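Structural features, examined
The residues making up each chain are set out below.
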Amino acid sequence: MPQMFKTWQTKSAKDVSLGTLITFITGVFLWLIYGIYLQSLPIILANAVTLVFNLIILWLKIKYR
């Protein structure tokens, strides 16, 4: 969350690596799928929240390019 707020406030995403962000989002998405498969609410919630925040950071990265 701090990175998301900093990116939003400064309107600059130059410190965020696009490749690393996409790799991380992919991993979190796969963990989310795994949590759904196991029907494990803690895994689902943690990864869903993380995925949403990182998708916002990705959107900000593209918007403030």
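Placed above this text is the structure.
The following paragraphs examine the structure supplied in this document. (Residues numbered from 1 in each chain as written. Predicted model: local features only at pLDDT ≥ 70, side-chain atom pairs only at ≥ 80, totals over all residues. Heavy atoms only, no water.)

1. Considerations on the packing of aromatic side chains
Considering all chains together, one arrives at one aromatic pair under this definition. Seen in terms of ring centroids, Trp 31 and Tyr 34 are 5.6 Å apart; in terms of plane orientation they differ by 80 degrees. Their pairing is edge-to-face. Highlighted residues: Trp 31 and Tyr 34, both in helix α2 (residues 18-38), separated by three residues, approximately one helical turn. (Phe/Tyr/Trp six-rings, centres within 6.5 Å; stacked < 30°, edge-to-face > 60°. Helix = DSSP H or I, 4+ residues; strand = E, 2+ residues; numbered from the N terminus.)

2. Looking at the packing of helix α1 (residues 2-10) against helix α3 (residues 41-63)
Running from N to C, α1 and α3 cross one another at 25 degrees; their axes reach a closest spacing of 10 Å. By the criterion of interaxial angle, the relationship of α1 to α3 is roughly parallel. Of the two elements, α1 crosses α3, and the hand of that crossing is left-handed. Contact residues: Gln 3, Met 4, Thr 7 and Trp 8 in α1; Phe 53, Ile 56, Ile 57 and Leu 60 in α3. Looking at the contact of α1 with α3, its residues break down into six nonpolar, two polar and no charged. (Axes fitted to C-alpha atoms, helices over the stretch in contact; angles between N-to-C directions. Parallel < 35°, antiparallel > 145°, perpendicular 65-115°, else oblique. Left-handed = near helix turned anticlockwise from the far one by under 90°. Contact = heavy atoms within 4.5 Å. Nonpolar A, V, L, I, M, F, W, Y, C, P; charged D, E, K, R; others polar.)

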